[in-house]
Amino acid sequence: ATHMTDLNMAFTPAASLLIRVGIRYLNNDVQMWDDHVLDPVRSKQINTVWPIGSVYFQPNKVLTVRADVESITNGRSYTRITPHTDVGGRFVVRLRPTDKFYIEDSAVVRNRRLLDTDYRSTIRSNAVTATYEFSDKLSGFGGFSYDSFFASDFINFRRVPDRVYLRDQTVNRVWSSGLRLRSEEHTSELQ
């Protein structure tokens, strides 16, 4: 069974600024049964609490900034790679110097750790896209995205006396461009 409770507050200190803060509580009751008998080793009750926050700022029609930040702490991890702590955020910046041209940059940063096993992982992602609207129905775009995932941990094997260091890293870089054609009923993209 899963139960989740949110408490959120929003502040608008200025017409161009919206700030949301809150806290989320999640309770997962994982029960593993074997031949109608509850297995206490594989059954766990996991409590997770994390603060959440977001900001929306638009000082003028040219610039818009959005950001989300969260920090998650699990009371107990269910698997060897379920993180105990997870801190991360996302931001999006849009610059629109003219009505027909805009640039958008979005990024994700996330750091995860499981203190009991020295497991850690990091995620870094960034995408920049420039768009020009030729008309209400036709626009062209081009961009670049970068994704990086890194994970490391020490593993014990039954027949090897020493711990083995495991490292996994993936990096993706993608260039993209295309045309977007809008009709009254749907949107088509050609990349």
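Parameters and conventions
Residues numbered from 1 in each chain as written. Predicted model: local features only at pLDDT ≥ 70, side-chain atom pairs only at ≥ 80, totals over all residues. Heavy atoms only, no water. Salt bridge = Lys/Arg side-chain N within 4 Å of Asp/Glu carboxyl O. Helix = DSSP H or I, 4+ residues; strand = E, 2+ residues; numbered from the N terminus. Buried < 20%, exposed > 50% of the residue type's maximum accessible area, 1.4 Å probe, protein only.

**Structural notes on the pattern of salt bridges**
Point 1. By the definition in use, this model includes seven salt bridges.
Point 2. A salt bridge links Asp-6 to Arg-24; the shortest N-O distance between them is 2.7 Å. With Asp-6 in strand β1 (residues 2–14) and Arg-24 in strand β2 (residues 17–30), the pair connects residues that are 18 residues apart, well separated along the chain.
Point 3. For Arg-24, a relative accessible area of 21% gives the class partly exposed.
Point 4. A salt bridge links Asp-86 to Arg-112, with the nearest nitrogen and oxygen atoms 2.9 Å apart. Placement of Asp-86 in strand β7 (residues 85–95) and of Arg-112 in strand β8 (residues 101–114) is noted, with a sequence separation of 26 residues between them.

**Notes on the environment of Phe-154**
Point 1. Within the fold, Phe-154 resides in strand β10 (residues 138–155).
Point 2. On the basis of relative accessible area, Phe-154 is assigned to the partly exposed category, the value being 29%.
Point 3. As a C-alpha pair, Phe-154 and Thr-117 span 37 residues in sequence and 7.0 Å in three-dimensional space.

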